[in-house]
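Next come the chains, spelled out residue by residue.
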Amino acid sequence: MRRAVLSLLILLSLVVPALAQQTQKPGPKTVYIRAGRLFDGTSDKVRENMVIMVVGDRIQNVGPASAISIPSGAAVLDLSHATVLPGLIDCHTHLGARADRYDEIYNFKDTPFQHAFAAVINARKTLEAGFTSVRDVGSEPFLAVDLRNSINEGLIPGPRIVASGPGISITGGHGDLNNFSPQTRVTMFPEERDFQIADGVDQIRHVVRAQVKYGVDVIKILATGGVLSKGDSPGAPQFTPEELKAAAEEAHMAGRKIAAHAHGTQGIKNAILAGIDSIEHASLIDDEGIRLAKERGVYLVMDIYNDDYILGKAIEFGLPKENVEKEKMVGRLQRENFERAVKGGAKMAFGTDAGVYPHGDNAKQFFYMVKFGLTPAQAIHAATSNAADLIGRAKDVGTVEAGKFADVIAVTDDPLQNVRALENVGFVMKGGAVFKDAITGQAAH
Ligand code: ARG
C-alpha cells in the first residue's frame, strides 16, 4: 500500500510539471505576409516585393524581401500577386441603420433590437469590405457603444469602432421626431432629453456629459438641418454659436473629439469657429468655409457617393418627396464643393454615411473622390492615414508600419491606376486575424 502511494507521488512529480508546461500560453503567433506591391500609407509610393512580419495583433517589421529573411517552416501569407494596403477607415457610418427602410413610418415600428440585429450583420459586411475601423456617428442610445464592446470582446466580427451616441439635436432639428401634431405626444426611449435633444448651453452640457457617462468615444452634434429628416432645411443653422462652443468645450474637456453634421454654409462656419473637429457633409461650404477649415486644421468628411443611392433605390424604398427634393438641392452642389475644397487645400477624411446606402458598399465613394479632384493616392490617404488622425487612432491604425495593429487588406487590381479596385477587397486582416481571404488560397498555419 505504502509503495503504491509512493509510486503515485513519483508519478505525480513527473506529470505535474509537464502539465504546467502544457498549460503555459504559447507565445504570440508570428505570420509573414509577402506583399507583391505595398502602399503603406506613409507616402504616395508603392514598394515592390515587401515582407510584413506580424507578431500577435501588431506589425513587428516591414521591409524589402531582401532584408527580412523568413525562417523555414514559418507561417506565410502569399500576397505576392496583390497590392497590400492599410485597412480602410470610414469616418461616418451608422451601423445600426438599414438602407431598405425609407418609408415614413418605419422609425415608429422598429424596436432597438431590430437595429441591433442589423448592426451585427452590417459590422461583418463592413469588415469584409476592407474597412477595419469606422467612426459610427449616430445610432440609438447606445447601440454603437455596445457593438464596439461586443466586437472588442471577440463575440462578433466587425471593425474597430469609434462610437458616438445619438446625434445631439435642437428641438425640431435633424435628430428630433418632427411633424407630429402638437396634440400627439411622442417620446423616445430612453427619454430624448437625457441623451439627444438639447436647447441652450446648460442642456448641451448635460447631454454631452450623459453621453460620456455611457461610454461614447466621440460626440456628434447636428449643426444644420438635414436631408433625410422631416420639416427642417439643410441650409439652416441649428444651434447658436454659443451652444456649439459649449458642446465643443464639454467634449474636449472629457477628452473626446466632436463631429458636426453641417450642410449649410453658415452652420459649417459656426461649427468650425466653435472648435469642432470635423464637418460632416459640408455640402454647401463656400470659399470662406474652406479657408477656415484649412486654417484651423478641421477635417471635411464629405459623403459624395450616397446621392446616387438616395435618388435611386431609396425612392423605390419609399423615400418621401420632401427628402427627395432636399437631396436634389444638395447632392450635386456637394460634389462640386468637394472639388473646390480639394483645390483649396482643406484636409479630407473618408466618410460615407453608410446605412443611407447598404453597408459594405463603402468603397464606392473612392470613384467620386477621384472624379472630383483627388488622386487615387490622396483618396486612399483620406481613408487611411488622414482618417486615423481624425479619429484619434494614428498610433494604432492607418498605415502599415512597425508598432501598429496588423490591420492589412489586399486587392488584386492596382488601386493607384483604378481606384475602383478597392470595391473588391480580397483579403482582410484585422489585428493579425484573417477575416477574409479570397487571394492566397491558403490558411495561415
Ligand atoms: N444623413 C444625411 C442627411 O440626412 C444624408 C445626406 C445625404 N446626401 C448627401 N448629398 N450627402 O442630411
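The structure we're discussing is the one just above.
Residues numbered from 1 in each chain as written. Predicted model: local features only at pLDDT ≥ 70, side-chain atom pairs only at ≥ 80, totals over all residues. Heavy atoms only, no water.

> How would you explain the pattern of salt bridges if you had to name every residue and give the values?
A full pass over the atoms with the stated rule returns 26 salt bridges. Across the pair Arg148 and Asp217 runs a salt bridge, and its minimum N-O distance is 2.8 Å. In this pair, Arg148 sits in helix 4 (residues 143–152) while Asp217 sits in the loop between helix 6 (201–213) and strand 8 (218–222), placing the two residues 69 residues apart along the sequence. Asp286 serves as the salt-bridge partner of Lys269, at 2.8 Å between the closest nitrogen and oxygen. (Salt bridge = Lys/Arg side-chain N within 4 Å of Asp/Glu carboxyl O. Helix = DSSP H or I, 4+ residues; strand = E, 2+ residues; numbered from the N terminus.)

> Summarise helix 8 (residues 265–274); cite the residues concerned and give the values.
Taken across its ten residues, helix 8 has seven buried, putting it largely inside the fold. Of the positions making up helix 8, those classed as buried are Gly267, Ile268, Lys269, Asn270, Ala271, Ile272 and Ala274. On its buried face, helix 8 is in contact with helix 7 (241–253), strand 9 (257–262), strand 10 (278–281) and helix 9 (287–296). (Buried < 20%, exposed > 50% of the residue type's maximum accessible area, 1.4 Å probe, protein only. Contact = heavy atoms within 4.5 Å.)

> Help me get a handle on the sheet that holds strand 11 (residues 299–301), residues and values and all.
If you walk across this open sheet you meet the four strands as 8-9-10-11, and the pairing is parallel. Sheet topology places strand 8 and strand 11 at the edges, where each strand pairs with a single neighbour. Averaged over all pairs of adjacent strands, the angle between strand axes in this sheet comes to 25 degrees, irrespective of strand direction. Both strand 8 and strand 9 contribute to a ladder of five bridges, which runs parallel. Paired with Ile219 across the two strands is Ile258, which belongs to strand 9. (Pairing = 2+ DSSP bridges. Axes fitted to C-alpha atoms, helices over the stretch in contact; angles between N-to-C directions.)

> An account of a nonpolar patch on the surface is needed here, citing residue identities and associated values.
A contiguous nonpolar patch, built from Ile105, Phe108 and Phe180 and spanning about 260 Å² of accessible area, is present on the exposed surface. For Ile105, the location among the structural elements is in the loop between strand 5 (88–93) and helix 2 (106–109). (Patch = residues over 30% accessible without salt bridge, like charges linked within 9 Å, V, L, I, M, F, W, Y side chains within 5 Å. Areas by Shrake-Rupley, 256 points an atom, 1.4 Å probe, with all protein chains shown as cover.)

Note that all results are geometric; they support no functional claim without further evidence.
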